[in-house]
2 protein chains.
Amino acid sequence: MPSVWQMNRAGVGVMTRYEEVAATLRERIEHGIYRVGDRLPSIRAVCQELNVSISTAQEAYRQLMDAALIESRPKSGYFVLPCRIPSVLPSVSRPAQCPLDVSQWDQVLELVATQRDDKRLLLGRGVPNLEVASLKPLSKILAGLHRSNDLHGFNYDKLSGSPELRQQVARLAVASGCLLHPDDVLITTGCQEALSIALRTLTQPGDVVAVDSPSFYGTMQILKANGLKALEIPTDPQTGISLEALELALEQWPIRAIQVTPTYNNPLGYTMPEARKRALYQLAQRFDVAIIEDDIYGDLAYTQPRPLTIKSFDTDGRVLLCSGFSKTLGPGLRVGWLAPGCYREKALHMKYVSTGASATLPQLAVAEFVAKGHFERHLRAVSRQYQRQRDIMISWVQRYFPKGSGISYPQGGFLLWVELPADVDCVRLNERLAQHAIHVAPGALFSASGKFRQCLRLNYAFTLTPAMEEAVRTVGELAREMLSEVRESSLAMK
Amino acid sequence: MPSVWQMNRAGVGVMTRYEEVAATLRERIEHGIYRVGDRLPSIRAVCQELNVSISTAQEAYRQLMDAALIESRPKSGYFVLPCRIPSVLPSVSRPAQCPLDVSQWDQVLELVATQRDDKRLLLGRGVPNLEVASLKPLSKILAGLHRSNDLHGFNYDKLSGSPELRQQVARLAVASGCLLHPDDVLITTGCQEALSIALRTLTQPGDVVAVDSPSFYGTMQILKANGLKALEIPTDPQTGISLEALELALEQWPIRAIQVTPTYNNPLGYTMPEARKRALYQLAQRFDVAIIEDDIYGDLAYTQPRPLTIKSFDTDGRVLLCSGFSKTLGPGLRVGWLAPGCYREKALHMKYVSTGASATLPQLAVAEFVAKGHFERHLRAVSRQYQRQRDIMISWVQRYFPKGSGISYPQGGFLLWVELPADVDCVRLNERLAQHAIHVAPGALFSASGKFRQCLRLNYAFTLTPAMEEAVRTVGELAREMLSEVRESSLAMK
Ligand SMILES: Cc1ncc(COP(=O)(O)O)c(C=O)c1O
Ligand SMILES: Cc1ncc(COP(=O)(O)O)c(C=O)c1O
């Protein structure tokens, strides 16, 4: 797989100034001039040394962050990241290159049908930390709106959603490089409805959809329910869907839509570098196919500014951007949104037949929360926390899991992907964990047909207690048990 | 069309005791022994005279009410109804007898895309009265829940819905003759999602669905969005879908599901007599086809007990009952439910891909509102009000609309159906009304392909002000204007 840099050289041709700066810094990292954990020169120092503008230097650092080579720590500067050691990262997925029917519903159901009063420690669910003080104002706003509820809180809202909220969504989208008009936004009942509407807007039963792989199980199940076929494209755990493989697939199969989660990917954690996002858009343009971009974790950036969306490059409306407030505020609110580009009319019809207008008061509450600045404050608080907890969770996994396990290194969100040695079957591991009242998300959920059986997803959003460390230790121990069982039985066979 | 009685004699054979009593009373009404507006003998008096038990006499009166021959007025007794004069009722629909693609989305969009701050008088929307005191406790409960919100209010709920609410739904369903376990109930995001899930559970694109006609436009649009064909079955404005026509259709076409709103039908207002509901179920059994029963208005009965659902006769799980709290509490809450019978597993998958779990706190709030008895109190208050307002709205229509207009006479809910002389095109009428800031629901919305153009639907839920009377007068006047234009131009042609 060519790196971003090679691709830029080969594909796009001439390097821009900031790409040159990034390449220079990258070489120094690779040659050990700056070593893991080192602080890099300040932006100002780079400007002076290489004779470039501040914005060029910033952009270069941005690219290095996108490539997960360095990270920025608030008020301290930029640091070289430790995880370029290939053996620590999950491997590139190499799924079968033909469209498949989606299975795995039983496993997904087991994960999502968990009860509120579930006594198990759910290490695998995609739920943010709900116990943070910065969420309090939202409860207050909601209570206030309901107390003073006049007519319209109980009435149908506008089909496309509350104007107040659509305005705030459009305003927030600027941070990801999107210039949306409030009328470009359709409020949905969670991001799941946005994805469902986007897929139903673009496809007919039997159609083929290209997906990154592994991919969010909710999307995979939408494919299943609509009789669509998933074409799983090899995906790099650092740079995302392989554009080379996708191009081949586009030549070979009648692909109706490309579905990706390019920023803080669930489950792999990577962010596609900006250049690759742009290249993906250009590829879609060349083959005249639509992109469904899931950006639900995009606001949970550990460093500012947050990465651009593919939608930010969209000049002809072919990107349907799906997002919402489930991972930032709380999924129980069911407030999501869709920017359907040039498919607005059909999407609006799909929205109507799916659930009619979405609930009124939660929309007004979120709009007020954002308008008053609580949202940005909240994002800062949780992102800092998630970044800290990522490192703790990684250290636990390194300590307790079998040697040779690959671990992701997300720059946003709160999900960790672990690839165990090939002999560990995580569906069976999960069955054994049930006896310890522990539940993880087995990797097989994230594939059309049960690949990634040796992988699992962990959540590090909730406050990491000693009980959680103990649980991670148990997961690692049972995994090692399974490994030695397999080895013993294969020895016995000889 | 044979009456209920003929059908009982011919179809089911022997009359039961209560059917005999009902037939006797019916004959007396038809022979003018009891005349329009007369009070009928009390239950006790009937028991003595005809030597039957109290429950038999009650059941007989129930049948007469189902047939819209009499009505019960709280604390006063039973009265003969005035509207058996055929010319006052809309005529039986005679739609084309072949499956059709659904159109009319533009018209529906215009109706449902109305803004919260719409300045027009929306005489046609399906929204209940939200200004009643008996709803206040719900706002209080919601405010309280949000104020004291702990973790789980913002978290994903159980996929099938809050156990608290499913328990209350099961309890309430007893009044319609259903014995449901809470696990038989799936909470949805409005009744629209219940209908959508039910249809997607049963069908594949291209399938044929038999529907009553006219039929709720929301359902028709679900058919459209899923590539389903609507087979519109002739429907009697007093007794509902024609079983004879349906039987013929079942013999002729590969029908996958029968979709009906048999109680306080939207838009026609009728309630299918119990015997016909049972016969419909038996027909579905004979042809092994599923029934989707929409009961969203069923709780808004003017007299108690409320009519039985078709689901109450369901012994093999082929009825998918759709309902919710949009017409009783408020559609902005988006709390609906589905009892999917034997299709639970597939329906749960459809629910997951559609929106995931529904919002948590609104479910808990409705559950508490019901559990504390507020719901039944509220139903009593609004039903009484709707019954009164029905009579006022009818008197306005009789006074202001062109002679010969047919008017429905609902025994529950809050929707009136008016059939104008054939020359009035209500889509065009609506266009003219726009200049007066008035909007009605044109009949064409309720058909697959724009039939019922001379019909319209009015809402009498909101407090009937002089401004509303003035608006109804304007509708009638413009309709008469259109009529005389048509007549003049046809005279000029001679
Ligand atoms: C990538 C991704 N998209 C969409 C969703 C669904 O979000 P919502 O709860 O808003 O429907 C999730 C939740 O797990 C997710 O991880
Ligand atoms: C017959 C019927 N079914 C279903 C619905 C949809 O109800 P909800 O608002 O709960 O989706 C309506 C609303 O107009 C209706 O009239």
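These figures come from a predicted structure and were not determined experimentally. Sequence order sets the numbering: in each chain, residues are counted from 1 along the sequence as written. Naming scheme: in the order in which they are written, chains are lettered from A and ligands are numbered from 1. Since the coordinates come from a predicted model, pLDDT governs what is reported: local features require at least 70, and pairs of side-chain atoms require 80 or more to be given and counted, while whole-chain, interface and lining totals use all residues. Side-chain metrics in this entry use all non-hydrogen atoms of the structure; hydrogen atoms and water are not considered.

Before going further, it helps to examine the packing of helix H11 (residues 243–252) of chain A against helix H12 (residues 274–286) of chain A. All names here are of chain A. Between H11 and H12, whose axes approach to 11 Å, the crossing angle comes to 5°. Looking at the two axes, H11 sits roughly parallel to H12. Between H11, through Leu243, Glu244, Leu246, Glu247 and Leu250, and H12, the contact on the second element is made entirely by Arg276, Ala279, Leu280, Leu283 and Arg286. Only C-alpha atoms enter the line fits that serve as axes; for helices the fit covers just the stretch in contact. Angles between N-to-C directions range over 0 to 180 degrees. In this description a helix means any DSSP run of H or I spanning at least four residues, a strand means any run of E spanning at least two, and both kinds are numbered starting from the N terminus. Just so you know how the angles are binned, under 35 degrees is roughly parallel, over 145 roughly antiparallel, 65 to 115 roughly perpendicular, and the rest oblique. Pairs of residues are marked as contacts when any of their non-hydrogen atoms sit within 4.5 Å.

So, about the site of ligand 1. Distances are taken per atom, and a residue is near a molecule or strand as soon as one of its heavy atoms is within 4 Å of it. Neighbouring residues of ligand 1: 13 residues in total, closest Asn266, Asp294, Ser326 and Lys327 of chain A together with Tyr156 of chain B. Bordering ligand 1 are residues originating from chains A and B. What qualifies as a polar contact is a pair of N or O atoms within 3.5 Å, subject to a donor-acceptor requirement within protein and to the restriction that residues adjacent in sequence count only when both atoms come from side chains. Within the contact set of ligand 1, an oxygen atom lies 2.6 Å away from a side-chain nitrogen or oxygen of Asn266 of chain A. The contact in question runs from a nitrogen atom of ligand 1 to an N or O atom on the side chain of Asp294 of chain A, over 2.5 Å. Accessibility throughout is a Shrake-Rupley quantity obtained with a 1.4 Å probe, and a residue counts as covered only by protein chains that appear here. Summarising the interface, the protein chains cover 97% of the accessible area of ligand 1, which totals 400 Å² for the free molecule. Per-element tally for the shell around ligand 1: the top contributor is helix H9 (residues 190–202) of chain A, with four residues. Per-class residue counts for the shell around ligand 1 are six nonpolar, four polar and three charged. Three classes are used: nonpolar for Ala, Val, Leu, Ile, Met, Phe, Trp, Tyr, Cys and Pro, charged for Asp, Glu, Lys and Arg, and polar for all others, with Gly counted as polar.

What follows covers the pairing of strand E2 (residues 77–80) of chain B. Residue and element names in this part refer to chain B. Pairing of strand E1 (residues 70–73) with E2, which is carried by four bridges, proceeds in the antiparallel orientation. Within E2, the position partnered with Ile70 by the bridge is Val80. Pairing between two strands requires that DSSP report at least two bridges joining them. If you look at the hairpin formed by E1 and E2, you'll find three residues sitting between the two strands, and Lys75 has a positive phi there, around 65°.

On to the relation of the copies chain B and chain A, then. To line up the copies, we fit them by least squares on C-alpha atoms, keeping just the residues with pLDDT of at least 70 in both. Structural alignment of chain B on chain A gives an RMSD of 0.0 Å, achieved by rotating through 180° and translating 0.0 Å along the axis. Seen this way, the second copy is the image of the first under a two-fold rotation axis. Considering only C-alpha atoms, the residue of chain B closest to the rotation axis is Ala143 of chain B, which sits at 2.1 Å. Both copies share a contact surface, since 100% of the interface residues of chain B are interface residues in chain A too.

Attention now goes to the site of ligand 2. Taken together, 13 residues sit near ligand 2, with Tyr156 of chain A together with Asn266, Asp294, Ser326 and Lys327 of chain B positioned nearest. Those residues lying near ligand 2 are distributed over chains A and B. The contact in question runs from an oxygen atom of ligand 2 to an N or O atom on the side chain of Tyr156 of chain A, over 2.5 Å. One nitrogen or oxygen atom from the side chain of Asp294 of chain B is found 2.5 Å from a nitrogen atom belonging to ligand 2. Tallying contributions element by element places helix H9 (residues 190–202) of chain B first for the shell around ligand 2, with four residues. Among the residues making up the shell around ligand 2, the classes are represented as six nonpolar, four polar and three charged.

Once that is clear, we can look at the interface of chain B and chain A. Chain B puts 68 residues into the contact, and the matching count from chain A is 69 residues. Counting the surface lost from both chain B and chain A, the interface buries some 5,600 Å², and carbon and sulfur atoms represent 60% of this. Salt bridges are identified by distance alone: a Lys or Arg side-chain nitrogen within 4 Å of an Asp or Glu carboxyl oxygen. The tally of links from chain B across to chain A stands at zero salt bridges. Secondary-structure elements contributing two or more residues to the side of chain B that touches chain A are helix H5 (105–112), helix H6 (136–147), helix H7 (151–154), helix H8 (163–173), H9, helix H10 (217–225), helix H13 (344–355) and helix H14 (360–371) of chain B. Of the residues forming the side of chain B that touches chain A, the biggest block, seven residues, is contributed by H13 of chain B. By buried area we mean how much accessible surface two parts lose on assembly, using a 1.4 Å probe and totalling the loss over both.

As a further point, take the sheet that holds strand E6 (residues 229–233) of chain B. Note: strands within a sheet are paired through backbone hydrogen bonds, in either parallel or antiparallel orientation. Residue and element names in this part refer to chain B. Spatially, the seven strands line up as an open sheet ordered E4-E12-E11-E10-E9-E5-E6, and their pairing is mixed. Of all the strands in the sheet, the pair left with one neighbour each is strand E4 (186–188) and E6. Within this sheet the neighbouring strands show an average axis-to-axis angle of 25°, counted without direction. Packed onto the sheet, H13 meets E4 and strand E12 (336–339) and runs at close to 30° relative to E4.

Turning our eyes to something else, we now look at a positive patch on the surface. The patches reported here contain residues having more than 30% relative accessible area and no salt bridge. Joining distances are 9 Å for like charges and 5 Å for nonpolar side chains (Val, Leu, Ile, Met, Phe, Trp, Tyr). Positive charge is attributed to Lys and Arg, negative charge to Asp and Glu, and no charge count is given to His or to the chain ends. Charge coordinates come from a single atom per side chain, which is NZ of Lys, CZ of Arg, CG of Asp or CD of Glu. On the surface, a cluster of positive charge is made up of Lys75, Arg377, Arg380, Arg384 and Arg388 of chain A. Take Arg388 of chain A: it is sitting in helix H15 (residues 374–400).

Now for the packing of aromatic side chains. All names here are of chain A. Pairing of aromatic rings covers Phe, Tyr and Trp, the last counted by its six-membered ring, and requires centre-to-centre distances within 6.5 Å; plane angles under 30 degrees mean stacked, over 60 mean edge-to-face, and any other angle means tilted. A complete count under the given rule lists 18 aromatic pairs over all chains for this structure. Pairing Phe216 with Tyr217 gives two aromatic rings, centres 4.9 Å apart and planes at 50°, and the pair type is tilted. Ring centres of Tyr386 and Phe414 lie 5.3 Å apart, and the angle between their planes is 70°; this geometry places the pair in the edge-to-face category. With Tyr386 in helix H15 and Phe414 in the loop between strand E13 (406–407) and strand E14 (415–419), this residue pair connects regions lying 28 residues apart in the sequence. The buried label goes to any residue with under 20% of its type's maximum accessible area, the exposed label to any with over 50%, and the partly exposed label to all in between, with areas taken from a 1.4 Å probe on protein chains only. On the basis of relative accessibility, which here comes to 1%, the residue Tyr386 falls in the buried class. Relative accessible area serves as the criterion here: at 0%, Phe414 is assigned to the buried category.

Here we take up the side chain of Ser134 of chain A. Residues and elements named next belong to chain A. Summarising the element assignment, Ser134 is placed in the loop between strand E3 (121–122) and helix H6 (136–147). A distance of 2.7 Å separates polar atoms of two side chains, one belonging to Ser134 and the other to His378. Other than its neighbours up to four places away in sequence, Ser134 contacts Phe369, His378 and Ala381.

To continue, consider the domain arrangement of chain A. Interface size is commonly expressed as the accessible surface area that is lost when the partners come together. All names here are of chain A. Bear in mind that the domain bounds are from an automatic or database domain assignment. Splitting chain A by domain gives domain 1 (5–80), domain 2 (105–110 + 136–375) and domain 3 (376–493). Taken over C-alpha atoms, the centre of domain 1 sits 32 Å from the centre of domain 3. Of the roughly 320 Å² buried between domain 1 and domain 3, counting both surfaces, carbon and sulfur atoms make up 35%. Three residues stand out in domain 1 for area buried against domain 3, namely Ala68, Glu71 and Pro74, and they jointly supply 79% of the buried area on that side. Where domain 1 packs against domain 3, one counts one salt bridge. Linking Arg390 and Glu71 is a salt bridge whose minimum nitrogen-to-oxygen distance equals 3.0 Å.

The next thing to look at is H6 of chain A. Take the residue count of a helix, subtract one, and multiply by 1.5 Å to get its expected span. Taking 1.5 Å per residue as the helical rise, H6 of chain A with its 12 residues ought to reach 16 Å, and the 17 Å between its terminal C-alpha atoms agrees with that figure. Considered for burial, the residues of H6 of chain A that qualify are Leu138, Ser139, Ile141, Leu142, Ala143, Leu145 and His146 of chain A.

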